[in-house]
Amino acid sequence: MSARAGEKAACAVSGKVVDGGALCNIALAERLDAGKYSEADRAAASAVARSVIENKKAIDDALEQVTDLQRCKKQVRKIWRIGASRLMYTDMAGAKAVSSAVDICRAVGKGAQSGYINDTLRALSRHDIVWPEEVLENIAVKYSWPYWFCAQMVDDFGLEFARDFLLYREQSPVSLRVNPMKASRNTLLEQMDGAQPSPLDDDGLLVRMSNAAGTDQYKHGLYSLQGTGRMIASRHGLANGL
């Protein structure tokens, strides 16, 4: 694999998810299974792609404060988001985060855009990000939740509980939904190393793996990949006859 292979993979995966509506774990599995990636590349691809996808709303809001996202091509936006995620969510030094984004730009054949990417990310590294003042909008943007979900949580559980729930961030587990027609949660807990029951859904599991779509259990339909928020929203809709 070439230099920056993991980050190039993350760039492609984040684009499929953000622009194409793909599921992160499936897009990651497809990309990583199609090439000979080292463990380091796989870890980098997973970590970078997830950071961009999970924080996309906040990243885009921050970038919009220093540039016009809609006036650039998709590839440039993908690289900006990777650089911004590192500036905002890691302890990587600003100069290194910017230079790594420029390296990715060159690695994907967009070297002509490197100056544009460099200038924008340097501007972001010096910028004091301004978040919305209104409570729900602040949480929705800063923590990348859908606004409607924030509002529904407040209506159902009150502001204090909703705020604690929405601001809580697990250390990037992969969320699985057990297929009760084929398996029980207890069975999968025994079969899958390190799996934990979701505290928020009776059919949910939390695991830490880079290829949750590549296991035998997944291939045999024992579970699907589904975020906890989507599980809760689905159950809420069913309970209300939606």
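Residues numbered from 1 in each chain as written. Predicted model: local features only at pLDDT ≥ 70, side-chain atom pairs only at ≥ 80, totals over all residues. Heavy atoms only, no water.

Colleague: Where do I start with the overall build of the protein in this structure?
Modeller: Across its full length, the protein holds 13 helices and four strands. The burial tally for the protein puts 41% of its 242 residues in the buried class. Within the protein, residue pairs in contact and separated by at least 24 positions form 62% of the contacts whose partners lie at least 6 positions apart. (Helix = DSSP H or I, 4+ residues; strand = E, 2+ residues; numbered from the N terminus. Buried < 20%, exposed > 50% of the residue type's maximum accessible area, 1.4 Å probe, protein only. Contact = heavy atoms within 4.5 Å.)

Colleague: Help me understand the pattern of salt bridges, please; the structure alone is not making it clear to me.
Modeller: When the charged atoms of two side chains lie near each other, side chains of opposite charge can form a pair. This structure, assessed with the given rule, holds three salt bridges. Its salt-bridge partner being R86, residue E7 comes within 2.6 Å of it at the nearest N-O pair. Of this pair, E7 sits in helix 1 (residues 5–20) while R86 sits in helix 5 (residues 74–89), placing them 79 residues apart in sequence. The residues E7 and R86 share a single accessibility class, namely buried. Here K56 ties to D60 by a salt bridge, and the two come within 3.1 Å at their closest N and O atoms. A residue pair is termed a helical-turn pair when its members lie 3 or 4 positions apart in one helix, as K56 and D60 do in helix 4 (residues 56–64) at four residues. By sharing partners, the salt bridges in this structure join K56, D60 and R81 into a single network. (Salt bridge = Lys/Arg side-chain N within 4 Å of Asp/Glu carboxyl O.)

Colleague: Looking at this structure, how should I read the packing of helix 5 against helix 6 (residues 94–107)?
Modeller: Two quantities define a packed helix pair, namely the angle between the axes and the distance from one axis to the other. Relative orientation of the contacting elements helix 5 and helix 6 amounts to 160°, with a least axis distance of 9 Å. Relative to helix 6, helix 5 is oriented roughly antiparallel. In the crossing of helix 5 with helix 6, the sense of the turn from one axis to the other is right-handed. Across the interface between the two elements, I79, I82, G83, R86 and L87 of helix 5 pack against G94, A97, S100, A101, I104 and C105 of helix 6. In terms of residue class, the contact of helix 5 with helix 6 is built from seven nonpolar, three polar and one charged. (Axes fitted to C-alpha atoms, helices over the stretch in contact; angles between N-to-C directions. Parallel < 35°, antiparallel > 145°, perpendicular 65-115°, else oblique. Left-handed = near helix turned anticlockwise from the far one by under 90°. Nonpolar A, V, L, I, M, F, W, Y, C, P; charged D, E, K, R; others polar.)

Colleague: Looking at this structure, I do not really get the sheet that holds strand 4 (residues 223–225). What am I missing?
Modeller: The strands that make up a sheet pair up through hydrogen bonds in the backbone, lying either parallel or antiparallel. With antiparallel pairing, the four strands of this open sheet are ordered in space as 2-3-1-4. Edge positions in the sheet fall to strand 2 (196–197) and strand 4, since each has one partner strand and no second. Across three bridges, the pairing between strand 1 (residues 174–178) and strand 4 is antiparallel. Its bridge partner lying in strand 4, R177 is registered against S224. (Pairing = 2+ DSSP bridges.)

Colleague: How should I be thinking about the environment of V174 in this particular structure?
Modeller: With respect to the helices and strands, the residue V174 is situated in strand 1. C-alpha of V174 to C-alpha of V207: the two residues are 33 residues apart in sequence and 5.2 Å apart in space.

Colleague: How should I be thinking about the pairing of strand 3 (residues 204–207) in this particular structure?
Modeller: The two faces of a sheet get side chains in turn, since along a regular strand they alternate between them. On strand 3, burial covers both faces: G204 and L206 on one face and L205 and V207 on the other are all buried. Where strand 1 meets strand 3, four bridges bridge the pair, whose relative direction is antiparallel. Across the sheet, the residue bridging to L176 is L205, located in strand 3. With two bridges connecting them, strand 2 and strand 3 associate as antiparallel partners. The partner of P197 across the bridge, within strand 3, is L205. Linking two consecutive strands that pair antiparallel, namely strand 2 and strand 3, is a turn of six residues.

Colleague: Any chance you could explain the environment of A123 here in plain terms?
Modeller: Mapping A123 onto the fold places it in helix 7 (residues 114–126). When the C-alpha positions of A123 and V66 are compared, they lie 6.5 Å apart, and in sequence the two are 57 residues distant.

Colleague: Sorry if this is basic, but what is going on with the packing of aromatic side chains here?
Modeller: For any pair of aromatic rings, the description consists of the separation of the ring centres together with the inter-plane angle of the planes. Summed over all chains, the structure comprises eight aromatic pairs. Here the aromatic rings of W148 and F149 are separated by 5.7 Å at their centres, their planes lie at 80°, and the arrangement is edge-to-face. Its relative accessible area of 53% is what places W148 among the exposed residues. According to the relative accessible area criterion, F149 is buried, its value standing at 6%. (Phe/Tyr/Trp six-rings, centres within 6.5 Å; stacked < 30°, edge-to-face > 60°.)

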